Amino acid sequence: MKLPVIKQITGFIAENDQDYVLETIETLEAITEVPSLKDEELDVIGELLSNLYGALEVHKMVRDEGMDQKKALNAFMQRVMGSIDKE
């Protein structure tokens with residue numbers, strides 16, 4: 001996950017609509033079913049998906065909990081780092 005990418009996507013959601021991101025996620029997930037994809041290509045798609053899902057989570061914190069974007073981004077990344085440390 002890349003915080004600058006998540007921040008950019010979150011801004012896109014705020015300016016447009018999260019439906020674009022949800023449709024992108026569906027498209028990328030469908031592409032992963034192509035049997036001829038290489039592992040490196042799947043890794044790139046996986047990274048994109050994790051950033052898109054992360055942006056949706058940050059957007060939800062801003063929208064539902066009233067957090068400003070910076071606090072929501074930090075809270076999200078702390079939650080991600082906490083889950084990584086537990087593994």
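All values reported here derive from a predicted model rather than from experimental measurement. (Residues numbered from 1 in each chain as written. Predicted model: local features only at pLDDT ≥ 70, side-chain atom pairs only at ≥ 80, totals over all residues. Heavy atoms only, no water.)

Colleague: Explanation requested: the nonpolar core in the structure shown.
Modeller: Nonpolar side chains tend toward joint burial in soluble globular proteins. Within the largest apolar cluster, 18 residues are counted, with the highest numbers of intra-cluster contacts made by Ile6, Val21, Val58 and Phe76. Counting residues per element, the ones that place at least two in this core are α1 (3-15), α2 (18-31), α3 (39-65) and α4 (69-86). Here this core gets seven residues from one element, more than from any other, and that element is α3. The residues touching Ile6, leaving out its near neighbours within four places in the chain, are Met1, Asn51, Gly54, Ala55, Val58, Leu73, Phe76 and Met77. (Core = buried A, V, L, I, M, F, W, Y, C linked by side-chain atoms within 4.5 Å. Buried < 20%, exposed > 50% of the residue type's maximum accessible area, 1.4 Å probe, protein only. Helix = DSSP H or I, 4+ residues; strand = E, 2+ residues; numbered from the N terminus. Contact = heavy atoms within 4.5 Å.)

Colleague: Any chance you could explain the packing of α2 against α3 here in plain terms?
Modeller: Packed helices, taken two at a time, are described by the angle their axes make and the gap between the axes. The N-to-C vectors of α2 and α3 enclose an angle of 155°; their axes lie 10 Å apart at closest approach. Looking at the two axes, α2 sits roughly antiparallel to α3. As α2 runs across α3, the sense of the crossing is left-handed. Note on element contacts: α3 touches α2 through Ile45, Leu48, Leu49, Leu52, Tyr53, Leu56, His59 and Arg63, opposite Gln18, Val21, Leu22, Thr24, Ile25, Leu28, Glu29 and Ile31. (Axes fitted to C-alpha atoms, helices over the stretch in contact; angles between N-to-C directions. Parallel < 35°, antiparallel > 145°, perpendicular 65-115°, else oblique. Left-handed = near helix turned anticlockwise from the far one by under 90°.)

Colleague: Hey, could you run me through the side chain of His59 in this one?
Modeller: The topology assignment puts His59 in helix α3. Taking the relative accessible area as the measure of exposure, His59 reaches 15% and is therefore buried. If we ignore the near neighbours within four places in the chain, the residues touching His59 are Thr10, Ile13 and Gln18.

Colleague: Quick question: what am I supposed to make of α2 here?
Modeller: Spacing of three or four residues puts side chains on the same side of an α-helix, whose turn is 3.6 residues. With 14 residues, α2 ought to run about 20 Å at 1.5 Å a step, and its terminal C-alpha atoms sit 20 Å apart, in line with that. Every buried residue of α2 is listed here: Val21, Ile25 and Leu28. All buried residues of α2 project into a common sector of 70° when viewed along the axis, lining one side. Buried residues along α2 sit in contact with α1 and α3. Capping the start of α2, Asp17 holds a side-chain oxygen 3.0 Å from the backbone nitrogen of Asp19, two or three residues further along. (Expected span 1.5 Å × (residues − 1). Arc of directions from axis to C-beta. Polar contact = N/O pair within 3.5 Å; in protein donor to acceptor, adjacent residues only side chain to side chain.)

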